[in-house]
Amino acid sequence: MLANAHEPRLLRWLDCVTEGVGRAIAWLVVIMMLVQFAIVVLRYIFGINSIVMQESVMYMHAAVFMLGAGWTLRHDGHVRVDIFYRKMSERGRAWVNLLGTLFLLIPVMSFIAISSFHYVITSWAIMERSGDGGIPAVFLLKTLILGMVALLLLQAVAQLIRQVLIIRGKLSSSAPVHEEMI
């Protein structure tokens, strides 16, 4: 989705943040693949095992999914049951997206933030480490939870602005066209 010149500056900025994080995090997929390949080669050809390398793949995997969630939302890539949605008008879809953001996304992200905050802070307080001698930064891994919440809430604000503009007829939806079911 390209930025529309008629979009408010805040909306363009929020989308830019989401795009930047999404593009940066996408490179972790390549790095993760290379590290996983190295793990396999080291283990099965040279008999060398590295817990740090194995945990780094887990950390990267978590980062890709948690920090990439906002980008996925931006590009309408989350799973949805759109039996009725796909046949709705542009304004009808905007209403569904607006209400879904207000009554599902924001409350769920708020719940996750509130319920995980102490969990993350406690991990930082003790500078939690891997019990297996791996990466000494479990607290950073747990911080991804709050990072995901923050990025999804930023994208939620962008979604709210975009949907209101669509409903008011001031912006055209640039939603992807999904395949029709056969």
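The coordinates are above.
This report concerns the structure included in the present document. Just so you know, these numbers come straight off a predicted model, no measurement behind them. (Residues numbered from 1 in each chain as written. Predicted model: local features only at pLDDT ≥ 70, side-chain atom pairs only at ≥ 80, totals over all residues. Heavy atoms only, no water.)

Topic: the overall build of the protein chain
Across its full length, the protein chain carries 5 helices and 0 strands. Counting helices and strands in the order they occur from the N terminus, the protein chain gives α-α-α-α-α. Taken over the C-alpha trace, the protein chain has a radius of gyration of 20 Å; the compact-globule value for 182 residues is 16 Å, which it surpasses by more than 25%. Seen through its principal axes, the protein chain has C-alpha atoms that stretch 60 × 40 × 30 Å. In the protein chain, buried positions account for 34% of the 182 residues. For the protein chain, the share of sequence-separated contacts (at least 6 apart) that also reach a separation of at least 24 residues comes to 72%. A total of about 11,500 Å² of accessible surface is found on the protein chain, and carbon and sulfur atoms cover 71% of it. (Helix = DSSP H or I, 4+ residues; strand = E, 2+ residues; numbered from the N terminus. Rg over C-alpha atoms; globule rule 2.2 N^0.38 Å. Buried < 20%, exposed > 50% of the residue type's maximum accessible area, 1.4 Å probe, protein only. Contact = heavy atoms within 4.5 Å. Areas by Shrake-Rupley, 256 points an atom, 1.4 Å probe, with all protein chains shown as cover.)

Comments concerning the side chain of Gln155
Secondary-structure assignment places Gln155 in helix α5 (residues 138-167). Dropping the residues within four chain positions of it, Gln155 is found in contact with Leu14, Asp15, Thr18, Gly70, Leu73, Arg74 and Arg162.

Comments concerning the nonpolar core
Counting 12 residues, the largest nonpolar core is built from Ile25, Tyr59, Ala62, Ala63, Leu67, Ile135, Ala137, Val138, Phe139, Leu141, Leu144 and Leu151. Broken down by secondary-structure element, the contributors of at least two residues to this core are α2 (51-67) and α5. No other element matches the 5 residues that α5 contributes to this core. With residues near it in sequence (within four places) discarded, Val138 still touches Tyr59, Ser123, Glu128, Arg129 and Ser130. Leu14, Leu165, Ile166 and Ile167 belong to the second-largest nonpolar core, a separate cluster that totals 10 residues. (Core = buried A, V, L, I, M, F, W, Y, C linked by side-chain atoms within 4.5 Å.)

Some words on unusual backbone geometry
Of note, the phi angle at Asp76 is positive, near 55 degrees, even though the residue is not glycine. If you trace the backbone, Asp76 turns up in the loop between α3 (69-74) and α4 (90-125). For Asp76, a relative accessible area of 15% puts it in the buried group. A positive phi angle, near 50 degrees, is found at Met127, a position not held by glycine. With respect to the secondary-structure elements, Met127 resides in the loop between α4 and α5. Taking relative accessible area as the criterion, Met127 reaches 42% and is therefore assigned partly exposed.

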